[in-house]
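Below, each chain spelled out in residue letters.
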Amino acid sequence: MSDELRKGQAVNLALATAAFAITFWAWNLIGPLAGSYSRQLGLSPTQTSLLVAIPVLVGSLGRIPIGMLADRLGGRLMFAIVCAITILPVLFVGWVDSYGWLLFWGFLLGVGGTSFAVGIPFVNAWYAPERRGFATGVFGAGMGGTALSAFLTPRLVESAGRMQTHVIMAAALAVMAVVMLLFSRNSPAWKPSTAPALPRMREAMKIKATWQCAFLYAVAFGGFVAFSTYLPTLLQNVYGFSQTGAGLRDAGFSIAAVAARPLGGVLSDRVGPARVLLVSFAGTTVMALVLAFNPPPEIPAGACFVLMALFLGLGTGGVFALVARLVEPSRVGTVTGLVGAAGGLGGYFPPLVMGVVYSVTGAYVIGYVLLAATALAALLYTRKAFTSASTTGGGAVTR
């Protein structure tokens, strides 16, 4: 490895992780305040779920074109663009007071969630294949922006007001955009893709690993997104916590998942991503079944949610270690966009399902059982599909 690559790794990984965290905080501004929106506007559980899920949908599907643009323009510029575009919806979500306008600006707020498809190819290009599990795991810790949002957003709103909180968030995005332009740079090993976008997408969709990783990421990251956005509502409905109390516990969930993601990447480098994914999906299945019995708050329920977060975090780190092993570097941005979109979509539907289930049954048992069944299916598929040395151990990279 060249000295130029080695010298730039730490700084650019740190900047990319910071930008990811800021944009994910912005992406999750509505979830921690969903309870207050519901009370203020008289929303049904289904309407509240839709409000929470809308940014997730856009942040998911938007990763496809953003990933292709990252291949062409590079992560440095695309991080700045995503930060800048997100400023306007952040401001308007803080100002509007009707359900329709919240849905509209929440839809545009989803742009913040697309930054993931920028960061994966950006950091991958700085590291050798055998270190990309570590790199993508550390970068993925930027999803801790959801924890920052869950913990700080309700408190900032209580102390400064909703409008002022969103102005602070917009200012942070503006600063981050400038910082990325001034201090980050694309890897010397990165080369812009000059192929037309649609053929590149078609080629990426022909790669078997794209669909395999998309399914696994829909379960692992989708589960994390679904819980991190909907958990405050669930905790208020089931356990009667205040908005601030629910936000604090949601932050704990997100922090556990964030801490586990780089661990999943590092373990994938050492023992293979498939083994990490098997542990992730097995643990998720068990925890979902335990939560279906509605254990009492704090120690039983709280421990289950934290363990669920740890298992999901391991899985998110394992999936992109798998992508790094199976996909050529020149296609990582496009494949990441598709896989990331699947992960976000995996987080879009569960809040809607949970809202409907709670409206009809007054409990979340069916939702937990569906999660357990999905995680079990992912476990069985991982065991069947990935048995080679390159995915279960530390062997050669498969292309």
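Quantities reported herein were computed from a predicted structural model and do not represent experimental measurements.

Q: So what exactly am I meant to see when it comes to the overall build of the protein here?
A: Helix and strand counts for the protein stand at 18 helices and 0 strands. In terms of overall dimensions, the protein is globule-like: its C-alpha atoms have a radius of gyration of 20 Å, near the 21 Å expected for 399 residues. Taken along the three principal axes of its C-alpha coordinates, the protein extends 55 × 45 × 35 Å. Relative to its full complement of 399 residues, the protein shows a buried share of 59%. For the protein, long-range pairs separated by at least 24 residues make up 86% of all intrachain contacts whose partners lie at least 6 apart in sequence. A total accessible area of about 14700 Å² is found for the protein, and carbon and sulfur atoms account for 72% of it. In the protein, 25 side chains carry a positive charge and 11 a negative one; their mean positions are 6 Å apart.

Q: Is there a simple way to think about unusual backbone geometry in this case?
A: Note: most residues except glycine have negative phi, and most peptide bonds are trans. Positive phi values are uncommon outside glycine, yet N294 reaches one of about 55 degrees. Within the element layout of this structure, N294 appears in the loop between α14 (273-291) and α15 (299-326). With relative accessibility at 48%, the residue N294 sits in the partly exposed group.

Q: How do you make sense of helix α4 (residues 63-73) when you look at a structure like this?
A: Working note: α-helix, 3.6 residues per turn, so residues spaced by three or four point in the same direction. For α4, the set of buried residues is R63, I66, G67, M68, A70 and D71. Residue G74 follows α4 closely and has a positive phi angle near 95 degrees.

Q: Where do I start with the nonpolar core in this structure?
A: A general trend in soluble globular proteins is that nonpolar side chains are found buried together. Of all hydrophobic cores here, the largest spans 112 residues; its most connected members are F139, F227, L234, F253, F305, M308 and Y368. Take this core: its biggest share by element is 14 residues, from helix α12 (residues 208-239).

Q: How should the packing of helix α9 (residues 145-160) against helix α13 (residues 243-271) be read in this particular structure?
A: Pairs of packed helices are described in terms of their axes, by the angle between the two and the distance that separates them. For the pair α9 and α13, interaxial distance at closest approach is 6 Å and the crossing angle is 160 degrees. As judged from the angle between their axes, α9 and α13 are roughly antiparallel. The hand of the α9/α13 crossing is left-handed. Seen from α9, the contacting residues are T146, A147, A150, F151, P154, R155 and E158; seen from α13, they are Q243, T244, G247, L248, D250, A251, S254 and I255. Grouping the amino acids of the contact of α9 with α13 by side-chain chemistry returns 7 nonpolar, 5 polar and 3 charged.

Q: Is there a simple way to think about the side chain of Q236 in this case?
A: Tracing the sequence through the fold places Q236 in helix α12. Those residues in contact with Q236, other than ones at most four positions away along the chain, are G35, R39, F241, S242, Q243 and A246.

Q: When you look at the pattern of salt bridges in this model, what are you seeing that I'm missing?
A: Should the charged atoms of two oppositely charged side chains come close, the side chains can pair. Under the counting rule described, the total for this entry stands at 3 salt bridges. Taking the shortest distance from any N to any O, the salt bridge between R162 and D97 comes out at 2.5 Å. Note that R162 is positioned in helix α10 (residues 162-183) and D97 in the loop between α5 (75-95) and α6 (99-109), a separation of 65 residues in sequence. Residue R162 is classed as buried on the basis of its relative accessible area, which comes to 16%. Under the relative-accessibility criterion, D97 is labelled partly exposed at 48%. In this structure, the salt-bridge partner of K206 is E203, at a minimum N-O distance of 3.5 Å. Taken as a pair, K206 and E203 lie in helix α11 (residues 197-206) at a separation of 3 residues, close to a single helical turn. K206 gets classed as exposed once you look at its relative accessible area, which sits at 62%.

Conventions and cut-offs
Residues numbered from 1 in each chain as written. Predicted model: local features only at pLDDT ≥ 70, side-chain atom pairs only at ≥ 80, totals over all residues. Heavy atoms only, no water. Helix = DSSP H or I, 4+ residues; strand = E, 2+ residues; numbered from the N terminus. Rg over C-alpha atoms; globule rule 2.2 N^0.38 Å. Buried < 20%, exposed > 50% of the residue type's maximum accessible area, 1.4 Å probe, protein only. Contact = heavy atoms within 4.5 Å. Areas by Shrake-Rupley, 256 points an atom, 1.4 Å probe, with all protein chains shown as cover. Lys, Arg positive; Asp, Glu negative; His and termini not counted. Charge placed at Lys NZ, Arg CZ, Asp CG, Glu CD. Core = buried A, V, L, I, M, F, W, Y, C linked by side-chain atoms within 4.5 Å. Axes fitted to C-alpha atoms, helices over the stretch in contact; angles between N-to-C directions. Parallel < 35°, antiparallel > 145°, perpendicular 65-115°, else oblique. Left-handed = near helix turned anticlockwise from the far one by under 90°. Nonpolar A, V, L, I, M, F, W, Y, C, P; charged D, E, K, R; others polar. Salt bridge = Lys/Arg side-chain N within 4 Å of Asp/Glu carboxyl O.

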